[in-house]
Amino acid sequence: MISIPHKTKQFLVLLIKILIVAGAFYFIYDQLANNDKLDWQKFIVLFKKNQSVSGISFILLLSVLNRYFEILKWQNLAQHIRKITVVESTQQVLAALTAGLFTPNGVGEYAGKALFFNKSEAKKVIFLNLICNGIQMILTIIFGFFGLLYFNAEFNVITSNTVLILFGILITGFALLFSIKKLTIKGYSIEKLIHKINEIPKSIHQRNIFLGICRYIVFSHQYYFLFLAFDVDLPYLTLIAAISSVYFLASALPSFQFLDFAIKGSVAIYFFGILGINEWIVIFISTLMWFLNVVIPVVIGSYYVLNFKSREIA
């Protein structure tokens with residue numbers, strides 16, 4: 001096995017950290033500067049018209065709460081390995097978010113969190129992060145499914161027969177999945193996965209679900225309040241149903257974090273277009289959501305990446 005000199009190792013770690021941060025900032029700049037669909041003049045005019053210190057503060061508070069609930073979720077799950085403070089959880093979540101910015105579906109986030117733990121605990125960290133993200137995905141599917149049903153009942157986007165067929169496929173898929181739970185592939189099976197999930201105390205799972213629901217309520221309503229700020233006047237349930245539908249369908253599409261607003265924006269244009277909302281407003285709100293909930297945390301996370309100590313990966 002080749003031994004890497006300590007100074008060389010330090011240089012490589014520094015180079016990796018710089019590349020991660022530089023790559024993150026480049027992708028952010030590229031998306032904001034070269035998006036020809038963003039009409040900044042319209043945004044400035046509307047912003048000056050509706051600017052409010054309390055309104056801006058409220059929207060920013062929702063962004064803080066969104067990420068804070070995610071930090072609490074990770075702190076809650078990480079205690080299954082060892083107890084960490086809110087400060088440590090913040091460092092791990094934001095640094096991992098930065099590392100996962102330009103990896104497919106945020107895969108880099110899993111490796112990012114694992115670096116803060118012993119090598120022997122890496123598999124546990126990845127598994128717990130899967131639980132952390134998995135519950136958020138399940139909640140998005142549940143809320144989104146009912147939101148889509150409500151939206152479809154109002155606007156008849158797809159026929160009732162199509163809804164029944166999709167529901168039937170979903171039920172059949174789950175039934176098939178559990179019927180072959182003992183099937184083992186490379187030492188892994190659904191039965192073993194369920195067993196590992198059950199090894200985690202119920203109190204941790206319950207808190208994880210509660211915090212996941214809180215986070216979903218926060219970011220979906222941040223989307224809702226931004227529409228109100230852009231003078232969109234629609235019934236609450238109709239708008240929330242459209243928002244939950246957008247998150248539901250967008251989450252099913254493979255993407256990179258730095259393209260998150262583009263994916264959600266394209267899905268949102270279709271749904272909100274049915275409601276008669278101008279395309280540029282939908283694009284701006286999707287971009288703002290991405291900026292507030294991804295870009296700002298990544299900027300903060302960059303600090304943690306650059307200050308990450310090489311001894312932690314020794």
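Residues numbered from 1 in each chain as written. Predicted model: local features only at pLDDT ≥ 70, side-chain atom pairs only at ≥ 80, totals over all residues. Heavy atoms only, no water.

Peer 1: Residues and numbers for unusual backbone geometry, please.
Peer 2: You will see that Asp-231, though not glycine, has its phi angle at about 65°, which is positive. By the secondary structure assignment, Asp-231 is in the loop between helix H9 (202-229) and helix H10 (236-251). (Helix = DSSP H or I, 4+ residues; strand = E, 2+ residues; numbered from the N terminus.)

Peer 1: Mind laying out the packing of aromatic side chains, listing which residues take part and the relevant values?
Peer 2: Under the defined criterion, the tally for this structure stands at 19 aromatic pairs. Between the aromatic rings of Tyr-223 and Tyr-247, the centroid separation amounts to 5.8 Å while the plane-to-plane angle is 85°, which identifies the pairing as edge-to-face. In this pair, Tyr-223 is assigned in helix H9 and Tyr-247 in helix H10, connecting sequence segments 24 residues apart. Of the two residues, Tyr-223 and Tyr-247, both sit in the buried class. A network of ring pairs unites the aromatic residues Phe-143, Tyr-216, Phe-219, Tyr-223, Phe-227, Tyr-247 and Phe-272 as a single cluster. Directly above the aromatic system of Trp-74 lies the positively charged group of Lys-113, at a separation of 4.3 Å from the ring centroid. Stacked on the ring of Phe-127, the Lys or Arg Lys-196 has its end atom at 5.4 Å from the ring centre. (Phe/Tyr/Trp six-rings, centres within 6.5 Å; stacked < 30°, edge-to-face > 60°. Buried < 20%, exposed > 50% of the residue type's maximum accessible area, 1.4 Å probe, protein only. Lys NZ or Arg CZ within 6 Å of the ring centre and 35° of its normal.)

Peer 1: Which residues make up the side chain of His-221, and what values go with them?
Peer 2: Counting through the fold element by element, His-221 comes out in helix H9. For His-221, a relative accessible area of 18% puts it in the buried group. Reaching out from His-221, the side chain makes a polar contact with the side chain of Tyr-236 at a distance of 2.6 Å. Residues in contact with His-221, not counting those within four places in the same chain, are Tyr-236 and Ile-240. (Polar contact = N/O pair within 3.5 Å; in protein donor to acceptor, adjacent residues only side chain to side chain. Contact = heavy atoms within 4.5 Å.)

Peer 1: Please set out the UniProt feature "transmembrane region" (unreviewed entry) in the protein residue by residue, giving values where relevant.
Peer 2: UniProt annotation of "transmembrane region" (unreviewed entry) refers to residues 12-29, 49-69, 126-151, 157-180, 209-230, 236-254, 261-277 and 283-306 when read in the numbering used here. Span residues 209-230 is 95% helix and 0% strand, its end C-alpha atoms 32 Å apart. For residues 283-306, helix accounts for 100% and strand for 0%, while the C-alpha atoms at its two ends are 32 Å apart. (UniProt positions renumbered as here; feature names shortened; annotations may be inferred.)

Peer 1: Provide a residue-level description of the packing of helix H3 (residues 53-78) against helix H6 (residues 122-155), including the pertinent values.
Peer 2: Put simply, H3 and H6 touch, their axes get as near as 10 Å, and they point 135° apart. As judged from the angle between their axes, H3 and H6 are oblique. The two elements H3 and H6 cross, and the hand of that crossing is right-handed. Contact residues: Glu-70, Lys-73, Trp-74, Leu-77 and Ala-78 in H3; Val-125, Leu-128, Asn-129, Ile-131, Cys-132, Asn-133, Ile-135 and Gln-136 in H6. Considering only residue class, the contact of H3 with H6 consists of eight nonpolar, three polar and two charged. (Axes fitted to C-alpha atoms, helices over the stretch in contact; angles between N-to-C directions. Parallel < 35°, antiparallel > 145°, perpendicular 65-115°, else oblique. Left-handed = near helix turned anticlockwise from the far one by under 90°. Nonpolar A, V, L, I, M, F, W, Y, C, P; charged D, E, K, R; others polar.)

Peer 1: Explain a nonpolar patch on the surface to me, and be specific about the residues and the numbers.
Peer 2: Together, Ile-56, Leu-60, Phe-291, Ile-296 and Ile-300 make up an exposed nonpolar region whose accessible area comes to about 360 Å². The biggest single contributor to the nonpolar patch is helix H12 (residues 279-306), with three residues. Relative to the elements of secondary structure, Leu-60 occurs in helix H3. (Patch = residues over 30% accessible without salt bridge, like charges linked within 9 Å, V, L, I, M, F, W, Y side chains within 5 Å. Areas by Shrake-Rupley, 256 points an atom, 1.4 Å probe, with all protein chains shown as cover. Salt bridge = Lys/Arg side-chain N within 4 Å of Asp/Glu carboxyl O.)

Peer 1: Can you break down the nonpolar core residue by residue, with the values?
Peer 2: A general trend in soluble globular proteins is that nonpolar side chains are found buried together. Counting 32 residues, the largest nonpolar core has Tyr-223, Phe-227, Leu-239, Ile-243, Phe-272, Ile-277 and Ile-285 as the members making the most contacts within it. Discounting chain neighbours no more than four positions away, the residues touching Ile-277 are Phe-227, Val-232, Leu-234, Leu-239, Phe-272 and Val-282. Ranked by size, the runner-up nonpolar core spans 20 residues in total, among them Leu-77, Ala-95, Ala-114 and Ile-204. (Core = buried A, V, L, I, M, F, W, Y, C linked by side-chain atoms within 4.5 Å.)

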